[in-house]
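Here is how the chains run, residue by residue.
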Amino acid sequence: MSKKGQEEEKKFVPNPKELDGVPDLSSLIYLEEPHVIHNVKCRYKKDLIYTGISSVLVAVNPYKQLKCYSNDMITQYANKAKYEKGLPHVYNVAEQAYRQLIWTGTNQSMVVCGESGAGKTENAKYLMRHLAYTTSTGLYKSTKGGVIDEKSAESAGALTSAKIEQQILAANPILESFGNAKTLLNNNSSRFGKFTKLLFNKPEKEGEGGNIVGSAMETYLLEKSRVVFQAKGERNYHIFYQLCAGLDEQSLENLGISEGGAEDFTYLNQSDCIEIPGMSDDYRFTELVEAMEMLSFTKEDQGKLFAAVAAVLHLGNIEFENDDTKTSDACQITEDSDYSVKMAAHLLEVKEEDLIRRLTKQSIKIRGNVIWKEYSVQGAEGNRDSTSKAIYGNLFNWIVHKINHELFLSKLESKRNAALEAEKAELLKKQEQEKLQAEEEEKLQKIKEAEKALLTPSKKKKKKKIGNKFAMFEKKEEEAPRPIRRRKKKKATKNTAEDEPEEKKEMTMDDLDNDPSITWIGILDVFGFECFEYNSFEQFCINFTNETLQRYFNYNIMLSEQAEYQREGIFWQPIQLPDNKPCLDLVNKRPGGIFALLDTAGQMPKADDKTFTSLLFKEHSYHPNLKQMRTNPRAKKKGKQKVYINGFEIKHYAMPVCYDAKEFLIKNADRVHEDSVEVFCGSKSPIVSKLLLKLKGKKSKKRTLGYVFSQQLKNLMVNLNKTKPYFVRCIKPNLQKKPGMFDDEYVGNQLRCGGLIEAIKIIKCGYPTRVPYKAIFARYGPSVFNHDKQKMEAVNQRDFCEAILRSFNKNRSHFEMGLTKVFFKGQQEEFLEELMRKGGANWKVPPELVAQIKKHLLRKRVQRVMGFFKGYGRWAVRLKRMRAMRVWARWVRVKVVIIKTMYRSVERARQRIAIKNIIGTLRTALAVQRLQRTRRSVLFMQRHFRHAKVRAALIAELDKRIKKKREAQEALAANKAKRLGSDEIVGEVARQAAAWLRKVAFEKVAENLFDGLSNGIAMCQICEKLDNDFDHKTYKDVAEGSALAKRNIEAALTSFKRMGVPDAALFDVDDLALLKNPRKVVNAVAAICAIASLTEKLPSIKPFPTVEFEIGEARIRGEKDEDIKIVLFGEKGALENMDEERKKELIQPGYLDKKREFERKAVEMEREKQRRLAEMVEREKKAKEEAARKEREMEEERKKLERERQEFMEWKRKRMQEEKDRAIKEAEEAKKAKEAPKPVPAGDGKVDKVDPNVEQKRQFFSLTLAAVMRRFEEHGLLTAAGLSYESFDAIELLEQSEKENVPWHMWNDWVTQRIRSRIDTKLQRLPQRRSSVSAAKPRQQPLPPLPNAGAKSTPANGQQEGVAFGANKNQQQVSVKKGNQVQQQYRAAGRKPRRRANAKKSIIVSISGPKPPPPKAPPPRNAKRYHRRRTVNAGPPQTRKVPSRSLPNDMPVQPILREGSGIESEEKKECTIQ
């Protein structure tokens, strides 16, 4: 186990065993993901599949039948005390939603969501069943009112509640049969979204239950592509299989279904899955028929409905083939499909000829004219499938509308019609009253005028005199207003009274939402999150829906909780939550979203899936949730070969999903051809004729499926946001769909993706229940203060609510007081319901409780007054402190000035120290320069490597683009060649021949050689240029087809024969004059073109491409130029029965040459690749041989070094033994010297004092002198001055130092000064001698121990006393010339000189006296190297200890350093005395 897993195990603390399997997760002590999974698993093993989390219910699919859904359980949950909290169950969720509907009067919603196969459909059915059953049986009917009078309801045309409940439940089998199918994840998967609204009449009084009055549902995005295609292991919609299994033999025969049943239909047998284990299609069909009868589907409706379903199956069996009788790519229906066509037309009740024309042709309108275009085989198959999908999709919509109309919309229509009739009656009554009133006013006006006439007779006479002129106008003025006004009113009344379309207009869901007398509880059952091997547009819309609902869930359960706490001032530690808004904007944002880009791509000409994906990645190239995909990752995971697709991957909240954009544009368009609308609207079947009726005659802009779906989803979210939601999260326990299996990891992933873990934390740590202060005060305030408005306005509502809660003995830890609401902790719902139930106008507060409340309010008021005075005192103290701080700040500023002066002096001292440290910094300058130099070189190498890498990437990208362009050209040529028929081939060659004729003859030749006159003239002019014997006069200004025009053609034909045109390429006169056979004309032009090219009579004009290609092919075959005869059409024509490659060459001249060149280059590249591979193998072989050789050499060198080491160790052992013997001998001589009599001193008789450490002093001084001289020799100063080691006497220098009283620790400086003065003196005496540096340093060896020198000894061979350089008796002196100098070296006798550039002298330092005995044998060749290696490996060097001598303990170590080096030299190691 990894360390991380061990740490997690250590952190995991299990809950007590008593809490295993608790119904509410918020009651757990430890609430982490492992605890939640463990608790759900414990309940699942006990067949307790429901677990509660406040308003969220977790439901695990048991994959078996349980006993917890019986009517007794429904009664048990409905009969519980109204304010008692029940155990977690889907019935309990429905119970809570209904109670909230009763008490608040607001709409409720229950969102059932989860993965496919988690049991969403079943849980939604149980929710509807509980609500329908409990309301229909009268379990909620109040004793005060709310009971429906069924007799009055029946008289008004309504149904009883019991029948409504049966109808609501009966809608589920119908929708499951027509909308559910078997998928890889679920045997009964809903392939559409459904939002069911259970409708209740609005409660008239508070607390009284509304009764169910009907139901209405909205559907979203039926997966119509499943009708024509299913993946392996899946099934089509259940209705097809139920129809084949449930009908009797006579009915099956009428529908054209044979004994084979579903296996005989292409739409059903392509997935190799006909039956589902454990599901009986026969029983389900019986249940379907019973449900249809319950919902008033008549026998005739059922027969027509089943006939339409069977017609879809017969349409799938229709096959097509190419029509050989037509030159174009036309198709026809095969003979085997005649029966299917006949049955489909019979069942749809349309004419067979119309159906065949609809399946094989399409109409195109051009300038008002209709042209019929025939489909190809592929186009006909696509048209057949789209027709089948349109029929089934609209059939499903018709069924949903029928169910809605039966359940409630018919009642709304009757209610609306009754209201309209009442309005009409009132309007008519009002019009009659206005009419009577107008008549009365008219009568009064006449009476007034008559009275006026009687009272003024003179005016009448005057009017009579002039009355001949104005009497007519006076009458019209009196009569004019009446008819004009009445006519206007009559017209207006007719328009309003005869407004009949409103009555005939069908009711919709918008009319239902606008009805104020209805409330509803919505149950949302949508498709689960899906991720298959192949994901298309349907999966894209399904996952987008789940993405939207996930955000809605996050908002309601998590974000709304945090926002509410922040607004109310409740202490809350926010939790970082996942936000999927970028993913939603990527899909639905306009402009720029995927739906908008789909609409844009669909409007482009010749758009395909690549057009859509290019737009998508151009708009969202850097989006974090989007990734371009070229292969199918799920196919690769299963071990299959790579499946190349043009797709994209979206990172959803659950998992990334790869979509194939192959059919996105086609499915998004979702268009039904106008021909289909015309054919099926003319059907005699009442159902089929209504399916596409809405699309008939519409010329407006067609909306795409993506736009319609996004608008439906937007409206759905608007409805959900107006309700109080309850969530049912369905969990799938395993992928095997077996009972009793619980996959912890799989369930945990669903809990995390669903946001349940974070929701549990918020609900547990927060306050799930809250009530506004106004609500509590409104229920208890009037009773406490006896409806005194002044006292009620003066009371603080927050304190009043706190007093109420205190009076109910509630601890403060159970609630929190916000700004406008009181927040309750978990498990307080019962108390809240009791609190709200007791209050109100009908409940009087007890006097003890009133006194307690007033006492608490008084205490709060006193606390506020005391708090005011305490606050005032604290502010006074704070002000005094602020003033004192100001005074203190002034004093601190003075102190700061003093401290700053001290700080500046310290800074100066630091600067002086820093200046001294600059010297050390300067020493690093050279190292920094070297580092920069190295860095620049490394950067140069990196830059060079990057440039090479970019260059290689650019070359690869260029090759890729060239290859892509070439493939596109080849695809275009192949597509054109595929559509190329014989007539098109003749036309293409004719255009080339016409262009060549125009260039040669300078005549206006028709593009397709369809001009006999101009063609004959052009051919005569060609014959004049090519045939020397041609002497015909060309006739130009003549009629086409006349005798003179034919003479031109005859003369040209005669010349053609003379020039050697083959008979197969010749034509008759009528062929050109009357344009009977254009192929022969093209043959002749091609033959003349070939002759002109082969004879090179027209060098400036090239032959047209087809002839040039045929000449080239003949030359490739080895034919000579004089034997080449070009015949394009005919029995042996070159263009007859062409293959696809030759057609591409005809369309794109030069295509085959380019292809051959490309193949040749590919072969050469392959050869070059093989050659390089062989060279690489050879190099690797040589490298392996070289590595083996070097390994052998290293092994030999290691053995040689091992032998040398052994020799050195042997030599060293012998040398140590000799030194030991010599030390013993010296000790004996010293003992004899002590025992000998002391000599009598001369002179004054005094005896000199003998220093006991004289030998140690001499040894140390000699070592110091040798080290200093070696240092001067390395610099070449001794050689320049003509000095050597023999020029200095160690004993003499030691005595001089003793006379000058030089201490031993100053010997190094004193000896250096002496030698330097001696060298300076020598160099001044020899000014003309140029100092030279020794070319090679002397070989250095460790100094041998000094002998015991008692008295001065005479040096041998006349050497000078002092420091001597000598050789052993087994050595001989040799003169060696190095440059301009001659040096003396000592070598072993008979040994040849070694040529080494860095050879050093063997130095022997001794004090005058007897010389040490020479070694018996010289050291081995590499003794010094091994000595140094052992010194480095063994640690710091140790000096050799002489057993007979000892140095004083107080003598320190005196190192001798080499100048200009920070590394301890070998001389320093050898000359250190401890």
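Residues numbered from 1 in each chain as written. Predicted model: local features only at pLDDT ≥ 70, side-chain atom pairs only at ≥ 80, totals over all residues. Heavy atoms only, no water.

Visitor: Please clarify how a positive patch on the surface should be interpreted in this entry.
Guide: Among the surface-exposed residues, Lys 880, Arg 883, Arg 886, Arg 890 and Arg 893 lie close enough to one another that they form a single positively charged patch. Here Arg 883 is to be found in helix α35 (residues 847-923). (Patch = residues over 30% accessible without salt bridge, like charges linked within 9 Å, V, L, I, M, F, W, Y side chains within 5 Å. Areas by Shrake-Rupley, 256 points an atom, 1.4 Å probe, with all protein chains shown as cover. Salt bridge = Lys/Arg side-chain N within 4 Å of Asp/Glu carboxyl O. Lys, Arg positive; Asp, Glu negative; His and termini not counted. Charge placed at Lys NZ, Arg CZ, Asp CG, Glu CD. Helix = DSSP H or I, 4+ residues; strand = E, 2+ residues; numbered from the N terminus.)

Visitor: Honestly, the confidence of the model for the protein in this entry has me stumped. Any pointers?
Guide: Low pLDDT means the predicted atomic positions in that stretch should not be read closely. Scored by pLDDT, the protein has a mean of 75; 75% of the residues are at 70 or more. Between residues 1327-1371, whose pLDDT stays under 50, and residues either more than four places distant or in other chains, the model counts 119 contacts. (pLDDT = per-residue confidence, 0-100. Contact = heavy atoms within 4.5 Å.)

Visitor: What exactly am I supposed to notice about helix α28 (residues 705-721) here?
Guide: Count 3.6 residues to each turn of an α-helix, and residues three or four apart come out pointing the same way. If you check α28, its first and last C-alpha atoms are 24 Å apart, about what 17 residues at 1.5 Å a residue would give, namely 24 Å. Of the positions making up α28, those classed as buried are Gly 706, Phe 709, Ser 710, Leu 713, Leu 716, Met 717, Asn 719 and Leu 720. (Expected span 1.5 Å × (residues − 1). Buried < 20%, exposed > 50% of the residue type's maximum accessible area, 1.4 Å probe, protein only.)

Visitor: Looking at this model, I keep getting lost on the sheet that holds strand β15 (residues 656-660). Mind explaining?
Guide: Two strands in a sheet stick together by hydrogen bonds in their backbones, pointing the same way (parallel) or opposite ways (antiparallel). On the basis of which strands lie adjacent, the open sheet formed by three strands has the order β13-β14-β15 and antiparallel pairing. The sheet terminates laterally at β13 (626-631) and β15, the two strands that pair on one side only. Neighbour-to-neighbour, the strand axes of the sheet open up by a mean angle of 30°, direction not taken into account. (Pairing = 2+ DSSP bridges. Axes fitted to C-alpha atoms, helices over the stretch in contact; angles between N-to-C directions.)

Visitor: Honestly, the packing of aromatic side chains in this entry has me stumped. Any pointers?
Guide: Here a ring pair, both rings aromatic, is described through the centre-centre distance and the interplanar angle of the planes. Applying the stated criterion across every chain yields a total of 29 aromatic pairs. Consider the rings of Tyr 69 and Tyr 126, whose centres lie 3.8 Å apart with planes at 0°: the pair is stacked. With a gap of 57 residues between them, Tyr 69 in the loop between β2 (56-60) and α3 (71-78) and Tyr 126 in helix α5 (residues 120-136) connect regions that are remote in the sequence. Given the relative accessible area of 10%, Tyr 69 is considered buried. Arranged with centres 6.2 Å apart and planes meeting at 75°, the rings of Phe 297 and Trp 398 form a pair that is edge-to-face. In this pair, Phe 297 sits in the loop between α11 (281-294) and α12 (299-316) while Trp 398 sits in helix α15 (residues 377-455), placing the two residues 101 residues apart along the sequence. Take Phe 297: its relative accessible area is 4%, and that puts it in the buried class. Put simply, the rings of Phe 537, Phe 540, Phe 544, Phe 595, Phe 612, Phe 648, Tyr 659 and Phe 664 touch in pairs and so form one group of aromatic residues. Positioned over the ring face of Phe 297 is Lys 402, at 5.8 Å from the centre of the ring. (Phe/Tyr/Trp six-rings, centres within 6.5 Å; stacked < 30°, edge-to-face > 60°. Lys NZ or Arg CZ within 6 Å of the ring centre and 35° of its normal.)

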